[in-house]
Amino acid sequence: VEYTNFVHPMTTLPQQSKTVYLKVKTRLGLQVPLRIWAPSDFLERVNARQFAVGLFYGLLIVTLLILAYVFYIFNYKYCFHFIGYQFCMLLTLLSFDGLAFEYFWPFSPWWANRAITFWGGLVCFWMTQLPRLFLDTSGKQGFWNESFERIAGIAIVVSILSFILNHGLSVTIM
């Protein structure tokens, strides 16, 4: 069965018990939710989930395109910062769900392991830039401006460190 997550078919007779052993090895904490479904229930669940996920990511992409259009037509500087935030958030969520690995970089597990930390750091960077611009903290509010600059600097460092450090340590820092 082709599916985003691992699926293993099992056959059992009614009222039959079956012992299954699963070995999972990782350097990080890992949640392994297990569910046993009847094939028809599984297909129903998959169809509903795919519809919801497609709707969610579709709305994010449409929002991103609208912001890009507004930025292009009106040169509205707030849109540029929101586009950066929205784009990085989209790639963070896609990486977290495993969809980015499945569709964008299926032959690069090295990048798939680092993408969440990299894009997450950039999300934090863009998240600090929009309020700095909107609140105009550059001259009047020194404390807030310095705080936003420090957080943005740390976020960029975390994104860069995602390439240098091993995956477990970079996730811990994030």
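Look above for the structure.
So, how was this worked out
Residues numbered from 1 in each chain as written. Predicted model: local features only at pLDDT ≥ 70, side-chain atom pairs only at ≥ 80, totals over all residues. Heavy atoms only, no water. Salt bridge = Lys/Arg side-chain N within 4 Å of Asp/Glu carboxyl O. Helix = DSSP H or I, 4+ residues; strand = E, 2+ residues; numbered from the N terminus. Axes fitted to C-alpha atoms, helices over the stretch in contact; angles between N-to-C directions. Parallel < 35°, antiparallel > 145°, perpendicular 65-115°, else oblique. Left-handed = near helix turned anticlockwise from the far one by under 90°. Contact = heavy atoms within 4.5 Å. Nonpolar A, V, L, I, M, F, W, Y, C, P; charged D, E, K, R; others polar. Core = buried A, V, L, I, M, F, W, Y, C linked by side-chain atoms within 4.5 Å. Buried < 20%, exposed > 50% of the residue type's maximum accessible area, 1.4 Å probe, protein only. Expected span 1.5 Å × (residues − 1). Bend = angle between axes of the 7 residues up to and from the residue.

**Structural notes on the pattern of salt bridges**
Okay, step 1: Under the counting rule described, the total for this entry stands at 2 salt bridges.
Okay, step 2: Residue glutamate 149 is joined to arginine 132 by a salt bridge in which the shortest nitrogen-to-oxygen separation is 3.3 Å. One end of the pair, glutamate 149, is in helix H5 (residues 142-164); the other, arginine 132, is in helix H4 (residues 109-135), and 17 residues separate them in sequence.
Okay, step 3: Salt-bridge contacts for glutamate 146 lead to arginine 150; the nearest nitrogen and oxygen are separated by 3.9 Å.

**So, the packing of helix H1 (residues 39-74) against helix H2 (residues 77-97)**
Okay, step 1: For the pair H1 and H2, interaxial distance at closest approach is 9 Å and the crossing angle is 160 degrees. The angle between H1 and H2 places the two elements in the roughly antiparallel class. In terms of crossing hand, the pair formed by H1 and H2 is left-handed. On H2, the residues touching Phe56, Tyr57, Leu60, Ile61, Thr63, Leu64, Leu67, Ala68, Val70 and Phe71 of H1 are Cys79, Phe80, Phe82, Ile83, Gln86, Phe87, Leu90, Leu93, Leu94 and Asp97.
Okay, step 2: Split by residue class, the contact of H1 with H2 holds 17 nonpolar, 2 polar and 1 charged.

**What to know about the nonpolar core**
Okay, step 1: Of all hydrophobic cores here, the largest spans 22 residues; its most connected members are Tyr57, Cys88, Leu90, Leu94, Trp105, Trp111 and Trp119.
Okay, step 2: Elements represented by at least two residues in this core include exactly H1, H2, helix H3 (99-103) and H4.
Okay, step 3: Per-element accounting of this core gives the leading share, 8 residues, to H4.
Okay, step 4: Those residues in contact with cysteine 88 that sit more than four places away from it in its chain are Trp119, Leu122, Val123 and Trp126.

**Considerations on the environment of leucine 135**
Okay, step 1: Mapped onto the fold, leucine 135 is located in helix H4.
Okay, step 2: Leucine 135 gets classed as partly exposed once you look at its relative accessible area, which sits at 45%.
Okay, step 3: For leucine 135 and alanine 152, which are 17 residues apart along the polypeptide, the C-alpha to C-alpha distance reads 16 Å.

**Here we look at H4**
Okay, step 1: Between its terminal C-alpha atoms H4 stretches 40 Å, which fits the 39 Å expected from 27 residues at 1.5 Å a residue.
Okay, step 2: Its axis deflected by about 40 degrees at alanine 115, H4 carries its strongest bend there.
Okay, step 3: At the C-terminal side of H4, aspartate 136 shows a positive phi close to 50 degrees.

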